[in-house]
Amino acid sequence: MFVEFVKGLGITLRQVFRKPTTVNYPEEKRPPSARARWRHKLLRHDDGLERCIGCSLCAGACPAHCINVVAADNTDEDRKSPGERYAAVYEINMLRCIFCGYCEDACPTGAIVLGPDYELADFDRASFIYGKDRLLVPEPGEVAREKKRLVEREIG
Ligand code: SF4
Ligand code: SF4
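Note that the structure is predicted; figures quoted are calculated from it, not measured.

1. Notes on the overall build of the chain
Here's step 1: Counting its secondary structure elements, the chain contains 5 helices and 5 strands.
Here's step 2: The order of α-helices and β-strands along the chain, N terminus first, is α-β-α-β-β-α-β-β-α-α.
Here's step 3: For a compact globule of 156 residues, the expected C-alpha radius of gyration is about 15 Å, and the chain comes in at 22 Å, more than 25% above that figure.
Here's step 4: In terms of overall dimensions, the chain has a C-alpha envelope of 85 × 35 × 25 Å along the principal axes.
Here's step 5: Looking at the chain as a whole, 32% of its 156 residues qualify as buried.
Here's step 6: Sequence separation of 24 or more characterises 72% of the internal contacts of the chain that already satisfy a separation of 6 or more.

See the structure below:
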């Protein structure tokens, strides 16, 4: 009995002097993997037009049925995307999302991508419905730049 006690104590003491494998989150954060697929973003073309053409292929591919797309026609006076149509409404219910990335794979224009942002906690259910106001990046290339930076850091 005493021998087992000393053995157990020895194991505990050994761990005390080892470098911790955990970090003090949220004060300390580990960089996510370059392949991380978390928060979605809707990208733009280099000229600023939205990549999304409102085709709903992402919604069809989503196994959790958490994407809602309502398309509308572009006009010459008010062009949002290069195609005939654009997504007037684009919503993702993040409570249902399982971050499988099928939406990203299904998108023919590379509009929807899952980026490296993983801090998604919130306080009420309604705020987990992400609309275009939260998904559409303000400038072209934002997620692509972030992914490139992460890849370079992993390689370098
Ligand atoms: S990551 Fe998967 S579950 Fe989430 S919205 Fe895309 S297809 Fe749906
Ligand atoms: S994100 Fe892609 S797949 Fe989804 S509606 Fe827009 S263009 Fe179509």
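2. Here we look at the site of ligand 1
Here's step 1: In the vicinity of ligand 1 lie 14 residues, with Cys 62, Cys 97, Cys 100, Gly 101 and Cys 103 positioned nearest.
Here's step 2: Looking at the shell around ligand 1, its residues break down into 12 nonpolar, 2 polar and no charged.

3. Structural notes on a nonpolar patch on the surface
Here's step 1: A surface patch of nonpolar side chains, about 790 Å² in accessible area, is lined by Phe 2, Phe 5, Val 6, Leu 9, Leu 13, Val 16 and Phe 17.
Here's step 2: If you trace the backbone, Val 6 turns up in helix 1 (residues 2-16).
Here's step 3: According to the relative accessible area criterion, Val 6 is partly exposed, its value standing at 41%.

4. Here we look at unusual backbone geometry
Here's step 1: A cis amide bond, omega 10 degrees, links Tyr 25 with the succeeding residue Pro 26.
Here's step 2: Along the polypeptide, Pro 26 turns up in the loop between helix 1 and strand 1 (40-42).
Here's step 3: Positive phi, close to 50 degrees, is recorded for His 65, a residue that is not glycine.
Here's step 4: Mapping His 65 onto the fold places it in the loop between helix 2 (57-61) and strand 2 (67-73).
Here's step 5: One non-glycine residue, Phe 99, adopts positive backbone phi at about 55 degrees.

5. Description of the side chain of Lys 132
Here's step 1: Within the element layout of this structure, Lys 132 appears in helix 4 (residues 132-135).
Here's step 2: Once residues lying within four places of it in the same chain are set aside, the contact partners of Lys 132 are Leu 42, Glu 50, Tyr 86, Ala 87, Ala 88 and Tyr 90.

6. Points about the environment of Asp 124
Here's step 1: By secondary structure assignment, the location of Asp 124 is in the loop between strand 4 (112-114) and strand 5 (129-130).
Here's step 2: Judged by its relative accessible area of 40%, Asp 124 is partly exposed.

7. Structural notes on the site of ligand 2
Here's step 1: Taken together, 13 residues surround ligand 2, and among them Cys 52, Cys 55, Ser 56, Cys 58 and Cys 107 come closest.
Here's step 2: Its residues assigned to classes, the shell around ligand 2 shows 10 nonpolar, 3 polar and no charged.

Quick notes on the rules
Residues numbered from 1 in each chain as written. Chains lettered and ligands numbered in written order. Predicted model: local features only at pLDDT ≥ 70, side-chain atom pairs only at ≥ 80, totals over all residues. Heavy atoms only, no water. Helix = DSSP H or I, 4+ residues; strand = E, 2+ residues; numbered from the N terminus. Rg over C-alpha atoms; globule rule 2.2 N^0.38 Å. Buried < 20%, exposed > 50% of the residue type's maximum accessible area, 1.4 Å probe, protein only. Contact = heavy atoms within 4.5 Å. Near = heavy atom within 4 Å. Nonpolar A, V, L, I, M, F, W, Y, C, P; charged D, E, K, R; others polar. Patch = residues over 30% accessible without salt bridge, like charges linked within 9 Å, V, L, I, M, F, W, Y side chains within 5 Å. Areas by Shrake-Rupley, 256 points an atom, 1.4 Å probe, with all protein chains shown as cover. Salt bridge = Lys/Arg side-chain N within 4 Å of Asp/Glu carboxyl O.

Treat this as a map of the structure, not an account of what it does.
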